[in-house]
Amino acid sequence: MFPNFESIPSPNKKFKTTPMDRSFDHLTEEIIFAILDHLHDDPFSRKSFSLVSKSFYAAESLHRKSLRPLHSDRIPTVSPRYPSISKLDLTLCPHVEDSFLISVSSAWKTTLRSIDLSRSRSFSNVGLSNLVTSCTGLVEINLSNGVALTDAVMKVLAEAKNLEKLWLSRCKSITDMGIGCVAVGCKKLKLLCLNWCLHITDLGVGLIATKCKELRSLDLSFLTITEKCLPPILQLQHLEELILEECHGIDDEGLEALKRNCKRNSLKLLNLSRCPSISHSGLSSLINGSEDLQKLNLSYGSSITTDMAKCLHSFSGLQSIKLDCCSLTTSGVKAIANWRASLKELSLSKCVGVTDECLSILVQKHKQLRKLDITCCRKITYGSINSITSSCSFLVSLKMESCTLVPREAYVLIGQRCPYLEELDLTDNEIDNEGLKSISKCSRLSVLKLGICLNINDDGLSHIASGCRKIKELDLYRSTGITDRGIAAIAGGCPALEMINIAYNDKITDSSLISLSKCLSLKALEIRGCCCISSVGLSAIAVGCKQLTVLDIKNCVNVNDDGMIPLAQFSHNLKQINLSYCSVTDVGLLSLASINCLRNMTILHLAGLTPDGLTAALLVGSGLRKVKLHLSFKSLLPPSFRKYMETRGCVLYWRDKAFQKKKKNPIS
């Protein structure tokens, strides 16, 4: 996060100094910088710090190394204050013209090392050329989502001789010729992301592998490549990460030829997810020589048979494997249990064939597991939880959403045997208050998901509040036994709370929001469908939770303009809001749109919204980037206005969604 440039005082502003101010002048620069290091994640504290005295103001200016401006046109006036910027994040600036890049080149010619243009448009090879030739220290450039970028831009980019990291995700117009220029010019590249660059083939990838010998990470996901480009890639001495997700042109037959040509390599991470044409023979050929392999992703791929598992038998350094949505055989599981490696992470989400017997075999071998994902493994019962908790007592993450055959008494074992848990997902399960009482012993827990858990109530939440004081994220979506009393307990017992979801709990009232308003670190609040909540509770959140960035109040029919005005006044960090089906009118929306940080709005079926009010709000919301609207408004907004919003960087998404009538509950 970065300060709002509108509120930064001019360097020429006269400060009134006092004896207290002058006492700070005795602090050394090293001490002042150490203080600023601790304030790095809090832009408002940094701003307050800079206003203490002239010396603090000057120190903060020199100390800042990164900027994330709201508008590109502010840079010329701001750059004199911040002479040492090395990282420039322009993801909030949709239109960055050549003149802007030229001013950046002039302002931070000797300091700039990283620039993110992944959400920016309007610049050409002229501006980029000036940037890369002037800022010779540039080592990182992100041009992702540049669907209009051509080979001419790549030719210019090749002048960045010191470039080490380059992201070109979804640059769909780039061809082998363009990426060939980069390969020849940017020989120091260590990271290259080319996913969804659909016109790059084996030729372009081969040039990269041949010329860029320092590559550590290469992402080729969704490319139309074949095994022909792999030999030079696998001969890269420093390559540690290779991502080949959904590269359907690579199959067993093509990989067979690799086996006799592959030498020992340094590959540590290999992603072959969504490559169903690669079976055990192809995998064996591909990883031949990868003795340092640590992480492997085979999700959405072939069945995990005995042969598939056996080809990984000798990789003693393997720590993590993802098999999501694969078909698991008992013989394959037994082969995994015989691996030399002792896994730290195992993901079996939505795997077909996972049973109590399978999990028992796996966890008895891999007792050092730290993270286990068994989401939607619907055949497992008490036996699996008993095996997991008795064998893997050092678990820090357990995800088991929708394991609906696991009985209530099994959850007691989790709290008794896994004291180091930090993340626990029990969404849509049979856990009850006794289970929560046991889990409250996991004092390190920071993420707890209890959505659609119909057997818990306030008593269970009270146990969590008293035992798990480090909770940052709590999901209670459609856990309908929860009332204001339980939320009050959480608000009082979990001071670090940053995210809470209490959507569609009809017993929740304004009292819950008043309690949560004491959670000063709260950043995300989802209360959609809480029909008893009104503007009174929302106003309390606005006043108390000034760090709030995400708010979902869809179907809160009693929230009106009286709740929007406090948000506009106090919630200066708000970035995303869903107002659909609320009772907000033009007045409230106009107030809300004045928040500088606001980026995304969903405003379907606001009965009090008129075309004039919508137009005014969109004009005021200069920071808006995405707005979801009902299709009925499209014909009421002039094409010229819609074009203007697009030019300004705001995309309007039209939804033809029928109105869903909701009963308006009285406020008690």
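These numbers were taken from a predicted model, which means no experiment stands behind them. (Residues numbered from 1 in each chain as written. Predicted model: local features only at pLDDT ≥ 70, side-chain atom pairs only at ≥ 80, totals over all residues. Heavy atoms only, no water.)

Student: Explanation requested: the packing of helix H23 (residues 535–544) against helix H24 (residues 561–570) in the structure shown.
Tutor: Each pair of packed helices can be summarised by the angle the axes make with each other and by the distance between the axes. Contact geometry of H23 with H24 gives a least axis separation of 8 Å together with a crossing angle of 5 degrees. Relative to H24, the element H23 lies roughly parallel. Within the contact between the two elements, H23 uses Ser535, Leu538, Ser539, Ala542 and Val543 and H24 uses Asp562, Gly563, Met564, Pro566, Leu567 and Phe570. Classifying every residue of the contact of H23 with H24 by side-chain character gives seven nonpolar, three polar and one charged. (Axes fitted to C-alpha atoms, helices over the stretch in contact; angles between N-to-C directions. Helix = DSSP H or I, 4+ residues; strand = E, 2+ residues; numbered from the N terminus. Parallel < 35°, antiparallel > 145°, perpendicular 65-115°, else oblique. Contact = heavy atoms within 4.5 Å. Nonpolar A, V, L, I, M, F, W, Y, C, P; charged D, E, K, R; others polar.)

Student: Is there a simple way to think about unusual backbone geometry in this case?
Tutor: Apart from glycine, the bulk of residues carry a negative phi angle, and the bulk of peptide bonds sit in the trans form. Despite not being glycine, serine 122 has its phi angle at roughly 85 degrees, a positive value. Structurally, serine 122 is set in the loop between strand S3 (114–116) and helix H7 (125–134). Taking relative accessible area as the criterion, serine 122 reaches 41% and is therefore assigned partly exposed. In this structure, arginine 170 is a non-glycine residue whose phi angle is positive, near 65 degrees. When you line up the elements, arginine 170 lands in the loop between strand S5 (165–167) and helix H9 (176–185). (Buried < 20%, exposed > 50% of the residue type's maximum accessible area, 1.4 Å probe, protein only.)

Student: Teacher, can you tell me more about the side chain of serine 402 here?
Tutor: When you line up the elements, serine 402 lands in the loop between strand S14 (397–399) and helix H18 (410–417). Dropping the residues within four chain positions of it, serine 402 is found in contact with Cys376, Arg378, Thr427, Asp428 and Asn429.

Student: What is the right way to read the pattern of salt bridges from this model?
Tutor: Side chains bearing opposite charge may pair, as long as their charged atoms lie close to each other. Applying the stated criterion to the full structure yields 11 salt bridges. For the salt bridge of aspartate 458 with arginine 485, the shortest nitrogen-to-oxygen distance reads 3.9 Å. One end of the pair, aspartate 458, is in helix H20 (residues 458–467); the other, arginine 485, is in helix H21 (residues 484–493), with 27 residues separating them in the sequence. With its nearest N and O atoms 3.6 Å apart, the salt bridge here joins glutamate 526 to arginine 528. We classify glutamate 526 as partly exposed; its relative accessible area is 22%. (Salt bridge = Lys/Arg side-chain N within 4 Å of Asp/Glu carboxyl O.)

Student: Sorry, what's going on with H9 here?
Tutor: Residue pairs three or four apart in sequence face the same way in an α-helix, which turns once every 3.6 residues. Most of H9 sits inside the fold, with seven of its 10 residues counted as buried. Those residues of H9 not exposed but buried are Asp176, Gly178, Ile179, Gly180, Val182, Ala183 and Gly185. Packed against the buried residues of H9 are helix H8 (151–157), S5 and helix H10 (202–211).

Student: Teacher, can you tell me more about the confidence of the model for the protein here?
Tutor: Low-pLDDT stretches of the model should not have their predicted coordinates read in fine detail. Looking at the protein as a whole, its pLDDT mean stands at 90, while 90% of the residues score no less than 70. Low confidence marks residues 1–21, where pLDDT is under 50. Its contacts with residues over four positions away, or in another chain, come to 36 contacts. (pLDDT = per-residue confidence, 0-100.)

Student: When you look at the packing of helix H15 (residues 330–337) against helix H16 (residues 356–365) in this model, what are you seeing that I'm missing?
Tutor: The contact between H15 and H16 brings their axes to 9 Å, and the two run at 10 degrees. With respect to H16, the axis of H15 lies roughly parallel. Taken together, the residues of H16 that come into contact with H15 (itself represented by Thr330, Val333, Lys334, Ile336 and Ala337) are Glu357, Cys358, Ile361, Leu362 and Lys365.

Student: Could you clarify how one ought to interpret the packing of aromatic side chains in this entry?
Tutor: For any pair of aromatic rings, the description rests on two quantities: the centre-to-centre distance and the angle between the ring planes. Scanning the model with the defined rule gives four aromatic pairs in all. Between tryptophan 196 and phenylalanine 222, the aromatic rings sit 4.5 Å apart at their centres with planes inclined by 15 degrees, giving stacked as the arrangement. Here the residue tryptophan 196 occupies a position in the loop between strand S6 (191–193) and H10, and phenylalanine 222 occupies one in the loop between strand S7 (217–219) and helix H11 (230–234), the gap between them amounting to 26 residues. Taking relative accessible area as the criterion, tryptophan 196 reaches 28% and is therefore assigned partly exposed. Note that arginine 478 overlies the ring of tyrosine 504, its terminal NZ or CZ placed 4.1 Å from the centroid. Above the plane of the ring of tyrosine 653 lies lysine 626, whose end atom (NZ or CZ) is 6.0 Å from the centre. (Phe/Tyr/Trp six-rings, centres within 6.5 Å; stacked < 30°, edge-to-face > 60°. Lys NZ or Arg CZ within 6 Å of the ring centre and 35° of its normal.)

Student: Where do I start with the environment of serine 103 in this structure?
Tutor: Mapped onto the fold, serine 103 is located in helix H6 (residues 98–107). According to the relative accessible area criterion, serine 103 is partly exposed, its value standing at 22%. Note: C-alpha distance between serine 103 and isoleucine 75 (28 residues apart in sequence) is 7.9 Å.

Student: It is not clear to me how the pairing of strand S24 (residues 651–655) should be interpreted in this structure. Could you clarify?
Tutor: In the case of a regular strand, side chains alternate between the two sheet surfaces. On S24, burial follows the alternation: Leu652 and Trp654 on one face are buried, whereas Val651, Tyr653 and Arg655 on the facing-out side are not. The sheet contact formed by strand S23 (residues 626–630) and S24 spans five bridges and is parallel. Across the sheet, residue lysine 626 finds its bridge partner in S24, namely valine 651. Remark: the S23/helix H27 (residues 639–647)/S24 crossover connection has right-handed handedness. (Pairing = 2+ DSSP bridges. Right-handed = clockwise from strand over helix to strand, strands pointing away.)

Student: Looking at this model, I keep getting lost on the pairing of S23. Mind explaining?
Tutor: In terms of strand pairing, strand S22 (residues 600–602) meets S23 through three bridges, oriented parallel. Across the sheet, residue methionine 601 finds its bridge partner in S23, namely valine 627.

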